[in-house]
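Here's the letter readout for the chains.
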Amino acid sequence: MNPATPASPSTSATPDTVLFDLFGVIARHQSPEGWARLVATAGVPAPAFRDAYWSLRPPYDRGELTGPDYWSAVGGTLGVRFDARRTAALIEADIASWSAVDEEMVDLIGELAASGRTIALLSNIPEDLAAHYERHHPWLGHFGVRTLSCRIGHAKPEPEAYAWALRALGLEPGRILFVDDREENLRAARAQGLHTHLFTTPASLRRALP
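Here the structure is a predicted model, which is why all the values come from computation and not from measurement.

What counts, and where the lines are drawn
Residues numbered from 1 in each chain as written. Predicted model: local features only at pLDDT ≥ 70, side-chain atom pairs only at ≥ 80, totals over all residues. Heavy atoms only, no water. Core = buried A, V, L, I, M, F, W, Y, C linked by side-chain atoms within 4.5 Å. Buried < 20%, exposed > 50% of the residue type's maximum accessible area, 1.4 Å probe, protein only. Helix = DSSP H or I, 4+ residues; strand = E, 2+ residues; numbered from the N terminus. Contact = heavy atoms within 4.5 Å. Axes fitted to C-alpha atoms, helices over the stretch in contact; angles between N-to-C directions. Parallel < 35°, antiparallel > 145°, perpendicular 65-115°, else oblique. Nonpolar A, V, L, I, M, F, W, Y, C, P; charged D, E, K, R; others polar. Pairing = 2+ DSSP bridges.

Engineer: I'd love a proper account of the nonpolar core, names of residues and values included.
Structural biologist: Of all hydrophobic cores here, the largest spans 48 residues; its most connected members are F20, I26, F49 and W71. The greatest single-element share of this core, amounting to 5 residues, is contributed by helix α6 (residues 103–114). Every residue in contact with F20, bar those within four places of it in the chain, is listed here: V25, I26, M105, I109, L112, I119, A120, L121, L122, F143, V179 and L205. The next biggest cluster of nonpolar side chains, apart from the first, holds 17 residues, and it includes L169, L171, I176 and L186.

Engineer: Any chance you could break down the packing of helix α1 (residues 32–42) against helix α5 (residues 84–97) for me, citing the residues and the numbers?
Structural biologist: Put simply, α1 and α5 touch, their axes get as near as 8 Å, and they point 170° apart. In this view, α1 runs roughly antiparallel relative to α5, as classed from their interaxial angle. Residue-level contacts link G34, W35, R37, L38, T41 and A42 of α1 to R86, A89, L90, E92, A93, D94, A96 and S97 of α5. Grouping the constituent residues of the contact of α1 with α5 by class yields 7 nonpolar, 3 polar and 4 charged.

Engineer: Could you give an account of unusual backbone geometry, with specific residues and numbers?
Structural biologist: The residue after K156, namely P157, is reached through a cis peptide bond having omega 5°. One can find P157 in the loop between α8 (149–152) and α9 (159–169).

Engineer: Give me the sheet that holds strand β1 (residues 17–20): which residues, what numbers.
Structural biologist: If you walk across this open sheet you meet the 5 strands as β3-β2-β1-β4-β5, and the pairing is parallel. With partners counted over all chains shown, the strands left at the sheet margins are β3 (145–148) and β5 (195–198), one partner each. Ignoring strand direction, the axes of neighbouring strands in this sheet form an average angle of 20°. In the sheet, strand β2 (residues 118–123) pairs with β3 via 4 bridges, with the strands oriented parallel. Among the inter-strand pairings, L122 is bridged to a residue of β3, identified as T147. The strands touched by α9 within the sheet are β1, β2, β3 and β4 (176–180), with β3 carrying the most contacts at an inclination of about 160°.

Next comes the structure, spelled out in C-alpha cells:
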C-alpha cells in the first residue's frame, strides 16, 4: 500500500477530489508490440529511433508541434525524411501503441463518478492521441476537468501544469489527491501542496482513497 503523502501543513486536510494521471494509471504504457511496429514503420535502427522519439516528445506533448511537425523533426534528427504517407503511418502506429487501457481502473473511475466524487485528469498527451481518446473512450466524460498538456501548453512535472489544474478545479491543493506512477511528477505535485499516491495497482489505490 502506498498511502497519500502530505508534504507540508498545507496538505493537512483530508482530500475529497482525486486528480488522475492517464498513462501508467488508467491507460497502459506503450506496448512492446506497438513500439516494434513503430520502429518497423520508421525503418531505422531502434536505439537511434528511441533517442529521437523521446528527446522530441516534450514539445509534441505540450502542443508546440503538430503530428507531422513532430515526425519531421524526428526524421531530421535521424537524417531521414518521412514522406506524407510514412508520416501518417507513424502517427497511426504511435496512437495504437498507447491505446490500451486498464479495464479495472476504468471501472473504478465509473464507481467514483457514480458516488459523486469529484475526479479530474492531468495528463501529458499530444493532440493526436488526445483526440483519439476522446473519440473512443466515453469514460473520459466522467472527468469534469481534463488538464491535457497539448491543450494548456505545459507538461508534468512543470509547476504550471499543476497550477492550471488547480485553477480549473477552483480548489485548495490540500483537498486534492494526485495519483501518478512517476515519482518525479508526485514530487512536483507535493511542492504545490497536493496529497499524492504512487500508483502501482488498482487494489492499492482503492485502499489509499480517502
